[in-house]
Amino acid sequence: MASYIARKGPLVFSNLGKWAYNLSGFNQYGLHRDDCLYENEDVQEAIRRLPRKLYDERNYRIIRALHLSMTKTILPKEQWTKYEEDVKYLEPYLKEVEKERIEREEWNKNH
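Residues numbered from 1 in each chain as written. Predicted model: local features only at pLDDT ≥ 70, side-chain atom pairs only at ≥ 80, totals over all residues. Heavy atoms only, no water.

Caption draft 1: Representation of the packing of aromatic side chains within the structure. Across all of its chains, the model carries two aromatic pairs by this definition. For the ring pair Tyr21 and Phe26, a centre distance of 5.1 Å and an interplane angle of 80 degrees mean the geometry is edge-to-face. For the residue pair Tyr21 and Phe26, the accessibility class agrees, reading buried in each case. Members of the aromatic cluster, each reached through a chain of ring pairs, are Tyr21, Phe26 and Tyr83. (Phe/Tyr/Trp six-rings, centres within 6.5 Å; stacked < 30°, edge-to-face > 60°. Buried < 20%, exposed > 50% of the residue type's maximum accessible area, 1.4 Å probe, protein only.)

Okay, structure coming up:
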């Protein structure tokens, strides 16, 4: 995992994608897309594998978003997460976990 550089922004930039991203609202709280994933078993394991720094940054963003939500405020627009800069920090860990799960299921099926 050390050699992987997290991908910033989407694979394809489009006005529709940017509009949908801004409409979702999570960026107004400073959250990244990966902060909002439904936490199934694969996502929970990927989160567990995060380096401490990324894990702490994720928790800080989530706690700040919860505080902002409770006070019914949002961040100043210059602090919103930008569509082009949204880091997919969980992606490499999630792909690895999914690959291992599929491999384990295949092995269990054949043995």
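Caption draft 2: Representation of the environment of Glu96 in the model. Residue placement: Glu96 occurs in helix α4 (residues 91-110). Judged by its relative accessible area of 27%, Glu96 falls in the partly exposed class. As a C-alpha pair, Glu96 and Glu45 span 51 residues in sequence and 10.0 Å in three-dimensional space. (Helix = DSSP H or I, 4+ residues; strand = E, 2+ residues; numbered from the N terminus.)

Caption draft 3: Representation of the pattern of salt bridges within the structure. Summed over the entire model, instances satisfying the criterion amount to 14 salt bridges. Residue Arg61 pairs with Asp35 through a salt bridge whose shortest N-O separation is 2.7 Å. With Arg61 in helix α3 (residues 52-70) and Asp35 in the loop between α1 (15-24) and α2 (41-48), this residue pair connects regions lying 26 residues apart in the sequence. The exposure class assigned to Arg61 is buried, which follows from its relative accessible area of 10%. For Asp35, a relative accessible area of 8% puts it in the buried group. With a closest N to O distance of 3.5 Å, Arg101 and Glu105 form a salt bridge. (Salt bridge = Lys/Arg side-chain N within 4 Å of Asp/Glu carboxyl O.)

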